Amino acid sequence: MTQVLDARPVVDTPVTGRRTTARLTLPTLLTLTAIVTIVPFAAMVLVAFAPPSGQTFPGALNPAHFTLQNFRDVLSSSDIPRWTVNSLLYSLVSVACVLLFASMAGYAFAKKKFPGREIMFWAFLATLMVPFQATLIPSYILVAKLGWVDSYWGLIVPTLANSQAVFLMRQFIMQLPDELFEAAEIDGAAEWRIFTMIVLPLIRPVLATLGIFVFLWHWNDFLWPLVIGQSGKMQTLTVGLATLQGQAVPINQVMAGATITVVPSLLVFGLLQRYLTDSIAMSGLKA
């Protein structure tokens, strides 16, 4: 039997029209959102490279006037190198410690059975509902009692207990097959060997993803470094740049300093971007 093909023209139904509109609207909205996001960053960079005479827009848009003098001035006349070291120590040490503690806690909550595990986990997770501003004064009093005000200890240690990091680690490690850990225990592997040889290699994507977020959280942190760093030598970049605005520093130099602060964040994201995409891809897989 010969099949007769329907040669009637395709009618554009209202549903098809809505789908076509959605296909056109979504890229437009994404493009507008990208432009709105990029414009302030581009303005900051252009003003940073503008002549140090205080020239802003529209003169800053002329590439013929671009200069590095603002960066030389801000690096030579301020404490930005010291602030950069403080920010790097605050961010990198916090990243290393948070990843270590969160992965260990996540492994314990995900694969170990002990009395009160669920109660302890949900009580720990409940701290996410308490805003940081509510615990700021008690945290400062505790740090002051320990004598850690205006020190790296007071700057770093109170930020290492990260509930979000523990939750993310626990959810990711729960997807790992239990057979891996049972086989390791049968072979006589100790807990630390299981953690270092099995858990850590398998959670590298989520470690990189969490590392990016923790680095950005600490690099851009303002309130806690402002409270703890009471002297100029302990200020971070975010706090130091805020103080420059009250010292009659030209806006070009302030924007140059702000541009410098963006570079480490871009480097970290660029280096760990591959692991970020791997983590997103693995999140859809089940063990």
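Values in this document were obtained by computation on a predicted structure and should not be read as measured data.

**Digging into the overall build of the protein chain**
Turning to step 1, where the next piece is worked out: A tally of helices and strands in the protein chain yields 13 helices and zero strands.
Turning to step 2, where the next piece is worked out: When each of the 287 residues of the protein chain is scored for burial, the buried share is 33%.
Turning to step 3, where the next piece is worked out: Contacts spanning at least 24 positions in sequence make up 74% of the contacts within the protein chain whose residues lie at least 6 apart.
Turning to step 4, where the next piece is worked out: Accessible surface, the protein chain as shown: approximately 17,500 Å² in total, 69% of it carbon and sulfur.

**Considering the pattern of salt bridges**
Turning to step 1, where the next piece is worked out: Counting across every chain of the model gives five salt bridges.
Turning to step 2, where the next piece is worked out: Note that glutamate 185 and lysine 112 form a salt bridge whose closest N and O atoms lie 3.5 Å from each other. Linking glutamate 185 in helix H8 (residues 178–186) with lysine 112 in the loop between helix H3 (80–111) and helix H4 (117–126), this pair joins segments that are 73 residues apart in sequence.
Turning to step 3, where the next piece is worked out: Taking relative accessible area as the criterion, lysine 112 reaches 19% and is therefore assigned buried.

**Regarding the nonpolar core**
Turning to step 1, where the next piece is worked out: With 52 residues, the main nonpolar core has Tyr107, Met169, Ile173, Phe181, Val199, Ile203 and Trp224 as its most contacted residues.
Turning to step 2, where the next piece is worked out: Tallying contributions element by element places H3 first for this core, with 10 residues.
Turning to step 3, where the next piece is worked out: Excluding residues that lie within four positions of it along the chain, tyrosine 107 makes contacts with Lys112, Ile173, Phe181, Glu191, Ile194, Phe195 and Val199.

**Considering the packing of H3 against helix H7 (residues 163–173)**
Turning to step 1, where the next piece is worked out: Contact geometry for H3 and H7: axes closest at 7 Å, N-to-C directions at 50°. Here H3 lies oblique to H7, going by the angle between them. Remark: the crossing between H3 and H7 carries right-handed chirality. Each of Val98, Leu99, Ala102, Ser103, Ala105, Gly106, Tyr107, Phe109, Ala110 and Lys111 in H3 lies in contact with H7, whose residues at this interface are Ala165, Val166, Met169, Arg170 and Ile173.
Turning to step 2, where the next piece is worked out: Residues of the contact of H3 with H7, tallied by class, amount to 11 nonpolar, two polar and two charged.

**Comments concerning the packing of aromatic side chains**
Turning to step 1, where the next piece is worked out: All told, the structure shown has 12 aromatic pairs when counted by the stated rule.
Turning to step 2, where the next piece is worked out: When the centroid spacing of 6.1 Å and the interplanar angle of 40° are considered together, the rings of tyrosine 107 and phenylalanine 195 count as tilted. Separated by 88 residues along the polypeptide, tyrosine 107 in helix H3 and phenylalanine 195 in helix H9 (residues 191–202) bring together distant segments of the chain.
Turning to step 3, where the next piece is worked out: Tyrosine 107 gets classed as buried once you look at its relative accessible area, which sits at 6%.
Turning to step 4, where the next piece is worked out: For phenylalanine 195, a relative accessible area of 3% puts it in the buried group.
Turning to step 5, where the next piece is worked out: Here the aromatic cluster, defined as three or more aromatic residues joined through ring pairs, consists of Phe109, Phe114, Phe121, Trp122 and Phe167.
Turning to step 6, where the next piece is worked out: Lying across the ring of phenylalanine 121, arginine 170 places its NZ or CZ 4.2 Å from the centre.

About the cut-offs
Residues numbered from 1 in each chain as written. Predicted model: local features only at pLDDT ≥ 70, side-chain atom pairs only at ≥ 80, totals over all residues. Heavy atoms only, no water. Helix = DSSP H or I, 4+ residues; strand = E, 2+ residues; numbered from the N terminus. Buried < 20%, exposed > 50% of the residue type's maximum accessible area, 1.4 Å probe, protein only. Contact = heavy atoms within 4.5 Å. Areas by Shrake-Rupley, 256 points an atom, 1.4 Å probe, with all protein chains shown as cover. Salt bridge = Lys/Arg side-chain N within 4 Å of Asp/Glu carboxyl O. Core = buried A, V, L, I, M, F, W, Y, C linked by side-chain atoms within 4.5 Å. Axes fitted to C-alpha atoms, helices over the stretch in contact; angles between N-to-C directions. Parallel < 35°, antiparallel > 145°, perpendicular 65-115°, else oblique. Left-handed = near helix turned anticlockwise from the far one by under 90°. Nonpolar A, V, L, I, M, F, W, Y, C, P; charged D, E, K, R; others polar. Phe/Tyr/Trp six-rings, centres within 6.5 Å; stacked < 30°, edge-to-face > 60°. Lys NZ or Arg CZ within 6 Å of the ring centre and 35° of its normal.

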